[in-house]
Amino acid sequence: MAFVIEQIKLRQIEMPLVHFFQTSFGRTYSRKIVLVEALAGGISGWGEVTAGENPFYNEEWTDSSWLILRDFVAPRVLGHEFAAASEVGDRSVHIRGHFMARGGLEAACWDLEAKQKGIPLYKAIGGGAHKQIACGVSIGIQDDVDQLLGKIDTEMNAGYRRIKMKIAPGWDVEVIRAVRKRFPEILLTADANSAYRLSDWELLAALDEFNLMMIEQPLAHDEIIDHAELQAKLKTPICLDECIRSAHQAEQAIRMQAGRIINIKLGRVGGFAEAIKVHDVAMKHNIPVWCGGMLESGIGRAANIALSTLPNFVLPGDVSASKRYWKKDVITTPVEVSPDGLITVSEGPGFGFDVDHAFLDSITVRQETISKP
Ligand code: OSB
Ligand code: MG
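To start, this report covers the structure provided alongside it.

Definitions and limits used
Residues numbered from 1 in each chain as written. Chains lettered and ligands numbered in written order. Predicted model: local features only at pLDDT ≥ 70, side-chain atom pairs only at ≥ 80, totals over all residues. Heavy atoms only, no water. Helix = DSSP H or I, 4+ residues; strand = E, 2+ residues; numbered from the N terminus. Rg over C-alpha atoms; globule rule 2.2 N^0.38 Å. Buried < 20%, exposed > 50% of the residue type's maximum accessible area, 1.4 Å probe, protein only. Areas by Shrake-Rupley, 256 points an atom, 1.4 Å probe, with all protein chains shown as cover. Lys, Arg positive; Asp, Glu negative; His and termini not counted. Charge placed at Lys NZ, Arg CZ, Asp CG, Glu CD. Axes fitted to C-alpha atoms, helices over the stretch in contact; angles between N-to-C directions. Parallel < 35°, antiparallel > 145°, perpendicular 65-115°, else oblique. Left-handed = near helix turned anticlockwise from the far one by under 90°. Contact = heavy atoms within 4.5 Å. Nonpolar A, V, L, I, M, F, W, Y, C, P; charged D, E, K, R; others polar. Pairing = 2+ DSSP bridges. Donors = N, O, S within 2.8 Å, 3.2 Å for Na, K, Ca; no water. Near = heavy atom within 4 Å. Polar contact = N/O pair within 3.5 Å; in protein donor to acceptor, adjacent residues only side chain to side chain.

**Regarding the overall build of the chain**
Argument step 1. For the chain, the count of helices and strands is 11 helices and 15 strands.
Argument step 2. Against the compact-globule benchmark of 21 Å for 373 residues, the chain has a radius of gyration of 20 Å, which places it among compact chains.
Argument step 3. Taking the principal axes of the C-alpha coordinates as reference, the chain spans close to 60 × 40 × 35 Å.
Argument step 4. Going through the 373 residues of the chain one by one, you find that 60% of them count as buried.
Argument step 5. Summed over all atoms, the accessible surface of the chain reaches about 14,600 Å², with 52% contributed by carbon and sulfur.
Argument step 6. Within the chain, the 48 negative side-chain charges are centred at a point lying 1 Å from the centre of the 40 positive side-chain charges.

Here it is in structure tokens:
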């Protein structure tokens, strides 16, 4: 079903997190999120830009995504006839980087297409292999070890199936030792967000004794070759996050044995079309994937749920309940997780939730509607 986007609405919201979130690159108390609404024929599709508040995870941040979308992506997409949402990304492939900005609009177009067809987003993307999504949680660096142990206890009791803890120099071997002592059996992973160098390999090899399911992105954000060298020295599987920005890079990383698991993030790879390709490349090579999170509002969260229904999403992801992040989410019914750690996929049209417009307006700090000149 073809569509022509008549208007694009950019909206920036601000929402304080229930608890701060700290990675190796910094601490966040409040999110500044850009939401994208794509309008065609009276239908509106919603997407979320997953960029952070600063260019520390990758090069993008809230403000850069706004400008890229307004000045470079929207003019290429408005008024163009698309035969399918899968073609939207192609209109801005000439832009270097800025995948999260581009991915926010791309995701909005998939939601639009799904609503046009009257089907759930997960069906529009060819998913549906899982009707329930297995959930893990990502727990940031805390003020002290007791606070971390308390958080892990809370999340295990809530039913989550896998605990990921953030690590950084000074918050690694001894902290993981303390976690393992208290929780010897849990599925445990560690995410370094690029905090180490290959020369730190002995410290990373010291983590082998803790039976981690994986160690995520230990080395630089754009590094594949050193990860291959590191993986050869470790028993623990490496999971790649930051450095996989396309299916081509996924294929190269797999070929080089730079890791044994891939974390797919919708924004990081520029949207659904590329995320599906990364998924397919990994599946072809028997590399399991899971869905990463970027502290999304309900709109991005719903997109992650749809993505997670593709068949090779076989490991618990970082997609968890709205209430872990927000006092109140931007969707009328929050994302909930069952006591056995599952999210049931919505059968509603599009992304499967209703936007709480009044609440959204109350937390909007800027808004701009872009139409074809
Ligand atoms: O590396 O997965 C990451 C949040 C911000 C930036 C990077 C990462 C994360 C998370 C959060 O781990 C996952 C979540 O949304 O809960
Ligand atoms: Mg990560």
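Next comes the rest of the description.
**Details of the packing of helix H1 (residues 62–77) against helix H2 (residues 99–117)**
Argument step 1. Remark: H1 packs on H2, axes separated minimally by 9 Å, with the N-to-C direction vectors making an angle of 50 degrees. Regarding the angle of H1 to H2, the classification is oblique. Here H1 and H2 pass one another in a crossing that is right-handed. Only Ala101, Arg102 and Leu105 of H2 make contact with H1, whose side of the interface consists of Ser65, Ile68, Leu69, Val73 and Val77.
Argument step 2. Partitioned by chemical class, the residues of the contact of H1 with H2 number 6 nonpolar, 1 polar and 1 charged.

**Observations regarding the pairing of strand E2 (residues 7–23)**
Argument step 1. Strand direction decides the pairing type here: E2 and strand E3 (residues 26–40), joined by 13 bridges, are antiparallel. Within E3, the residue paired with Gln22 across the bridge is Arg27.
Argument step 2. If you look at the hairpin formed by E2 and E3, you'll find 2 residues sitting between the two strands.
Argument step 3. Two elements, E2 and strand E15 (residues 364–371), share 7 bridges in a ladder whose sense is antiparallel. Residue pairing for E15: Lys9 is matched across the bridge by Thr369.

**Structural notes on the packing of helix H8 (residues 247–255) against helix H9 (residues 272–284)**
Argument step 1. Running from amino to carboxyl end, H8 crosses H9 at an angle of 20 degrees, the nearest separation of the two axes being 8 Å. With respect to their mutual orientation, H8 and H9 come out roughly parallel. Crossing of H8 against H9: the hand is right-handed. In contact with Ala247, His248, Ala250, Glu251 and Ile254 of H8, H9 contributes Glu274, Lys277, Val278, Val281 and Ala282.

**A look at the coordination of the magnesium ion (ligand 2)**
Argument step 1. Taken together, Asp191 (OD), Glu216 (OE) and Asp241 (OD) make up the full set of protein donors to the magnesium ion (ligand 2), lying 2.1 to 2.3 Å away.
Argument step 2. As a motif over one chain, the donors of the magnesium ion (ligand 2) read D-x24-E-x24-D. Here the residue Asp191 occupies a position in strand E9 (residues 188–191), and Asp241 occupies one in the loop between strand E11 (238–240) and H8, the gap between them amounting to 50 residues. As far as burial versus exposure is concerned, Asp191 and Asp241 are alike and both buried.

**Let's talk about the site of ligand 1**
Argument step 1. Taken together, 16 residues are adjacent to ligand 1, and Ser138, Asn193, Lys265, Leu295 and Tyr325 come closest.
Argument step 2. The separation between an oxygen atom of ligand 1 and a polar side-chain atom of Asp241 is 3.1 Å.
Argument step 3. Leu295 places a polar main-chain atom, nitrogen or oxygen, 2.9 Å from an oxygen atom of ligand 1.
Argument step 4. Considering ligand 1 on its own, with 390 Å² of exposed area, one finds that the protein chains cover 97% of that surface.
Argument step 5. Residue classes in the shell around ligand 1 are distributed as 6 nonpolar, 3 polar and 7 charged.

**A closer look at the sheet that holds strand E4 (residues 43–48)**
Argument step 1. If you trace the 4 strands from one edge of the open sheet to the other, you get E4-E3-E2-E15, paired in antiparallel fashion. Looking along the sheet, the strands with just one partner apiece sit at the ends: E4 and E15. Shown here is a sheet whose adjacent strand axes are inclined to one another by a mean of 25 degrees, direction ignored.

**Description of the environment of Lys265**
Argument step 1. The topology assignment puts Lys265 in the loop between strand E12 (261–264) and H9.
Argument step 2. For Lys265, a relative accessible area of 5% puts it in the buried group.
Argument step 3. Residues Lys265 and Arg182, 83 residues apart in the sequence, show an inter-C-alpha distance of 31 Å.
Argument step 4. Those residues within four positions of Lys265 in sequence are excluded, and the remaining contacts are Tyr57, Asp241, Gly292, Gly293 and Met294.
Argument step 5. Within the structure, Lys265 has its side chain in polar contact with the side chain of Asp241 (distance 2.8 Å).

Keep in mind that these numbers describe shape and distance, not what the molecule does.
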